[in-house]
Every structure is written in structure tokens, then in C-alpha cells.
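Now for the letters of each chain:
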Amino acid sequence: MIGKLNHVGVATPSIEASVALYRDLLGATEIGEKFSMPEQGVWVCFVTLPNAQIELIEPYGEDSPIHNFLKSNPAGGQHHVCFEVEDIIATRDEMRAKGARILGTGEPRIGAHGVPIIFLHPKDMGGVLVELMETPKHPH
Ligand code: CO
């Protein structure tokens, strides 16, 4: 059921500052362009590692859901983990049947990778906010 770890979401007050850490301290070389997702209230930037990505997320706009996270974690911190699944609707229905809550309406939305995603309620996942992402059928 659960597939590969796709990325770890890291909230930050400054993507530029975080990029500098991953690039200059850790030596990451594959760092994408920062882009906005206004409807989600976030700026996003992917750091690509050999086996997974780090998704840097910074608040975009006043209503960003990341503001609350940064209020409790002013320096930023680990926000969510994302696992790949083959079929997002089948997975959502299975999660619900097993008693886990899906955040929001439960309808998948298109995430930063351009494929459908859902989030499981952290209270149903041992305190971890889990994103599930439909794996592209033909990954490049
Ligand atoms: Co994510």
C-alpha cells in the first residue's frame, strides 16, 4: 500500500536561508526554483536528493496555514512527510475505512508536484502530518 518516501516537508520563515543551509552546509546541488502556490498560501522550493526531496515551504500571504506552525516553531522545522501511493482515491477510502481522518473535504487536490494529494490527520498518525501523493504512472 504505502510506497516510497517522496519528500519531507520543512517549514521555514525564509526559503533563501534554508536553501543556503542545504546547499552550503550539506552540499546539496539539485535545488529548484522557488515558486508560489497562492491558493495553498505557500512558497515552495524542492531540494532533490538521490532518494527523495526536501520540500521547503514558506508562508505566502496573511492567511497561510504555515503562519501557525512558525508561531510555535519560529526557526522553522519538520512539517510533514509524503509517501507515494498508486491510487489516491482507493487509498483515501481505505484510510477512512480504517478510521483515519482526511484533512479538509477529503477530496484530493493538486499538490506542488502537479499530482493529486491528500493529508491524513496527524492525530490519527501518531502526531505526524502525512501527505499521500498519487505516484505519476510514468515517472521521468
Ligand atoms: Co508536501
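As a reminder, the structure under discussion sits directly above these lines.
Note that the coordinates shown come from a computational prediction; the quantities given were computed from them, not determined experimentally.

**Description of the pairing of strand S5 (residues 53–59)**
Summarising burial for S5: seven of the seven residues are buried, a large majority. By the alternation rule, side chains of S5 split into Gln53, Glu55, Ile57 and Pro59 and Ile54, Leu56 and Glu58, which are all buried. One ladder, built from seven bridges, connects strand S4 (residues 42–48) with S5; its direction is antiparallel. Considered in S5, the bridge of Trp43 is made with Glu58. Turn length for the S4-S5 hairpin, with the two strands adjacent in sequence and antiparallel, is four residues.

**Observations concerning helix H1 (residues 15–25)**
Among all positions of H1, only Ile15, Ser18, Val19 and Tyr22 are buried. The arc enclosing the buried residues of H1, seen along the axis, measures out at 105°, which places them on a common side. Opposite the buried face of H1, at more than 90 degrees from it, the exposed residues are Asp24 and Leu25. Turning to H1, the residues buried within the fold contact strand S1 (5–11), strand S2 (30–31), S4 and S5.

**Side note on the packing of aromatic side chains**
One pass over the structure, following the stated rule, counts two aromatic pairs. Geometrically, the ring pair formed by Phe35 and Phe46 is tilted, given 6.4 Å between the ring centres and 35° between the ring planes. In this pair, Phe35 sits in strand S3 (residues 35–37) while Phe46 sits in strand S4, placing the two residues 11 residues apart along the sequence. Taken together, a centroid distance of 5.3 Å and an interplanar angle of 55° make the contact between Trp43 and Tyr60 tilted. Remark: Tyr60 occurs in the loop between S5 and helix H2 (66–72) and Trp43 occurs in strand S4; sequence separation between them is 17 residues. A residue is classified by how much of its surface remains accessible, and Trp43, at 27% relative accessible area, is partly exposed. Owing to a relative accessible area of 29%, Tyr60 belongs among the partly exposed residues under this scheme. A cation sits over an aromatic face here: Lys34 above Trp43, 4.7 Å from the ring centre.

What counts, and at which threshold
Residues numbered from 1 in each chain as written. Predicted model: local features only at pLDDT ≥ 70, side-chain atom pairs only at ≥ 80, totals over all residues. Heavy atoms only, no water. Buried < 20%, exposed > 50% of the residue type's maximum accessible area, 1.4 Å probe, protein only. Helix = DSSP H or I, 4+ residues; strand = E, 2+ residues; numbered from the N terminus. Pairing = 2+ DSSP bridges. Arc of directions from axis to C-beta. Contact = heavy atoms within 4.5 Å. Phe/Tyr/Trp six-rings, centres within 6.5 Å; stacked < 30°, edge-to-face > 60°. Lys NZ or Arg CZ within 6 Å of the ring centre and 35° of its normal.

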